[in-house]
Amino acid sequence: MLRAGVNAPHSCRAGNCQSCMHRAIDGAPPSESQSGLTDAQKAMGYFLPCICRPTTPLTILRPDDLGARLEAVVRAIDPLSDDSVRLRVEADGFAYRPGQFVELSVGDDLKRHYSLASHPEEDSFLEMHIRLHQDGRMSRHLADKLRAGDKVHVAGPSGSCFYEGVHEDQPMLLIGAGTGLARLYGVLRDALRKGHRGPITLYHGARSRKGLYLSEELQALSNLRDNVDYRPCALDPSAPHGGDVAATALEAEQSVSAAAIFLCGGENLVKRLKRELFMRGASLKNIRSDAFTPAR
């Protein structure tokens, strides 16, 4: 790459610093070129060029490069709660893993990232759960202007918060708040489709009972599947469940060293859970997290 004039970042040239990491979007990197990477990174095709001697052709990207923008058509936009909507769009040829996120564009200067709750083998659309912020530009556009049949663009996918790399008998702990449920819902669906046998516990937090969207569906799934335990948490004191989702999960989950952990929600929530679970013995390798950071 360097001889060909490619501006590839690098440092140690020995596979240690990982500063040269790239992603193969077509072709399989040799296993030795993925030394030291997480299972999720390997599954997404990440590798270290400095120790890679390809045996087959590879098409590669830098890890922070999004896929090409694709035109998508809005299929539906429906309310999920008082301040959240479900957006479904159709984008032909868009490949992703449940639990990843995409960049949604409704104009040249209006772009935001949202998690996917859909499953590529079960759904013909991309599904996003979006919280509407009172003063948000994208929120105002979604609430006031976007309609079924409108055209938007999607790019990506990004993120390593997906099921691949989890052992089928491994306990799974899913904790999220608000529309962070979208990503966890995608991971849960994928785990069950792939025949996961270990226990799966899903904690979902919201400010009120109305914010616990999909609760009936998730409770029905919990009743149907012996290995799925759905635990909704609402801060509303009149709600029938525990309040703070982080406190509830941390009180109940005392043994986490063997669990595959997925965290999704606000930045403070994710940082708190990640720190506390690590202190209780969870391996950072087993913690996959994505924190929501509001656009300015």
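Residues numbered from 1 in each chain as written. Predicted model: local features only at pLDDT ≥ 70, side-chain atom pairs only at ≥ 80, totals over all residues. Heavy atoms only, no water.

Which residues make up unusual backbone geometry, and what values go with them?
The phi dihedral of Leu 214 is positive, around 65 degrees, even though this residue is not glycine. Structurally, Leu 214 is set in the loop between β11 (200-206) and α4 (215-224). (Helix = DSSP H or I, 4+ residues; strand = E, 2+ residues; numbered from the N terminus.)

Before we move on, could you go through helix α3 (residues 181-193) and cite the residues and values that matter?
An ideal rise of 1.5 Å per residue puts 18 Å on 13 residues; α3 measures up with 18 Å between its terminal C-alpha atoms. When you tally the buried positions in α3, you get 12 out of 13 residues, the bulk of the element. Buried within α3 are the following residues: Leu 181, Ala 182, Arg 183, Leu 184, Tyr 185, Gly 186, Val 187, Leu 188, Arg 189, Asp 190, Ala 191 and Leu 192. (Expected span 1.5 Å × (residues − 1). Buried < 20%, exposed > 50% of the residue type's maximum accessible area, 1.4 Å probe, protein only.)

Kindly report on the packing of helix α5 (residues 245-252) against helix α6 (residues 267-279), identifying the contributing residues and their values.
Relative to each other, α5 and α6 sit at 15 degrees, their axes nearing to 10 Å. Between α5 and α6, the angle falls in the class roughly parallel. As for how α5 packs across α6, the hand of that crossing is right-handed. Taking contact as the criterion, the partners of Val 245, Ala 246, Ala 247 and Leu 250 in α5 are, on α6, Leu 269, Arg 272, Leu 273, Glu 276 and Leu 277. Here the contact of α5 with α6 is built from residues that sort into 7 nonpolar, no polar and 2 charged. (Axes fitted to C-alpha atoms, helices over the stretch in contact; angles between N-to-C directions. Parallel < 35°, antiparallel > 145°, perpendicular 65-115°, else oblique. Left-handed = near helix turned anticlockwise from the far one by under 90°. Contact = heavy atoms within 4.5 Å. Nonpolar A, V, L, I, M, F, W, Y, C, P; charged D, E, K, R; others polar.)

Give a description of the pattern of salt bridges that names residues and reports values.
A complete count under the given rule lists 17 salt bridges for this structure. Across the salt bridge formed by Glu 127 and Arg 88, the nearest N and O atoms sit 2.8 Å from each other. Of the two residues, Glu 127 is situated in strand β8 (residues 126-131) and Arg 88 in strand β5 (residues 84-90); the sequence distance between them amounts to 39 residues. In this structure, Asp 169 and Arg 197 form a salt bridge, with 2.8 Å as the shortest nitrogen-oxygen distance. Of the two residues, Asp 169 is situated in the loop between β9 (151-158) and β10 (172-177) and Arg 197 in the loop between α3 and β11; the sequence distance between them amounts to 28 residues. (Salt bridge = Lys/Arg side-chain N within 4 Å of Asp/Glu carboxyl O.)

The values reported here are purely geometric and, on their own, carry no functional implication.
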